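Chains, contacts and geometry: an overview
Chain residues, written in single-letter form:
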Amino acid sequence: MQRALLASLVGLAASACAYIPQPREQIRIVDSPADVRVCTRLGEVSPVVPTVPGFESATDAMLDATIALGGTHLYLQKVSTDWLLVKGIAYRCGPGVRREVVIRAKG
């Protein structure tokens, strides 16, 4: 009985370690410019699109374009005041991203 329980726990633990996230799952979708303030802008990945039923296919296309550009974040920029219209912009955030440097004169 204990061997069967131990074998099932080992099998369960091994299968849990085998999960590999899909590329789309690794892209973070953000809606605030503050989230990508220190990131590198890679480019627009969509024209202005409405957030109506069927927006999922537009989002998938934006995610694919972000992956193709090597991005880590998809910024959905609000074009209308009520979020009806948005535009996708790809960004790369994290290590190796250019940062603003402030140089002060001594004196």
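Every residue gets a number counted from 1 within its own chain, in the order that chain's sequence is written. Residue-level local features of this predicted model are given only where pLDDT is at least 70; pairs of side-chain atoms are given and counted only at 80 or more, and the full residue set underlies all totals for whole chains, interfaces and linings. Note that water and hydrogens are dropped before the side-chain values are worked out from all heavy atoms of the structure.

**A look at the nonpolar core**
Definition in use: Only buried residues count toward a nonpolar core. Its members are Ala, Val, Leu, Ile, Met, Phe, Trp, Tyr and Cys residues joined through side-chain atoms within 4.5 Å. The cut-offs for exposure are 20% and 50% of the maximum accessible area for each residue type, with area from a 1.4 Å probe on protein chains only; residues under the lower value are buried, those over the upper are exposed, and the others partly exposed. The helix count covers DSSP runs of H or I at least four residues long, the strand count covers runs of E at least two residues long, and both are numbered beginning at the N terminus. Whether two residues are in contact is decided by their heavy atoms, any of which lying within 4.5 Å being enough.
Of all hydrophobic cores here, the largest spans 10 residues; its members are I27, V45, V49, F55, M62, L63, L74, L76, V86 and A90. Elements that contribute at least two residues to this core include exactly α2 (55-68), β4 (73-78) and β5 (85-92). Residue contributions to this core peak at 3 residues, all from α2. Setting aside residues no more than four positions away along its own chain, V45 makes contact with M62, A65, T66, L69, L74, G88, I89 and A90. By size, the runner-up hydrophobic cluster in this structure holds 7 residues, among which are V36, Y75, Y91 and C93.

**Regarding the packing of aromatic side chains**
We count it as follows: Only Phe, Tyr and Trp rings take part, Trp by its six-membered ring, and two of them pair if their centres are within 6.5 Å. Stacked means planes under 30 degrees apart, edge-to-face means over 60, and tilted covers everything else.
Across all of its chains, the model carries 1 aromatic pair by this definition. Relative to Y91, the ring of Y75 lies with its centre 6.3 Å away and its plane at 65°, an arrangement referred to as edge-to-face. In this pair, Y75 sits in strand β4 while Y91 sits in strand β5, placing the two residues 16 residues apart along the sequence. Residue Y75 shares its accessibility class with Y91, and that shared class is buried.

**Quick look at the pattern of salt bridges**
For clarity, the cut-off: Whenever a carboxyl oxygen of Asp or Glu lies within 4 Å of a side-chain nitrogen of Lys or Arg, that contact is scored as a salt bridge.
All told, the structure shown has 4 salt bridges when counted by the stated rule. The residue E44 makes a salt bridge to R41 at a minimum N-O spacing of 3.5 Å. One network of salt bridges, with partners in common, ties together R24, D60 and D64.

**Side note on the state of the cysteines**
This is how the line gets drawn: Any two cysteine sulfur atoms within 2.5 Å of one another count as a disulfide.
A full pass over the atoms with the stated rule returns 1 disulfide. Paired by a disulfide, C39 and C93 hold their sulfur atoms 1.9 Å apart. Of note, the bridge from C39 to C93 carries an S-S torsion of about 110° and is right-handed in sense. Pair noted here: C39 is in the loop between β1 (28-30) and β2 (40-44) and C93 is in the segment after β5, with a separation of 54 residues, a long-range link. Take C39 and C93: they sit in the same class, and that class is buried.

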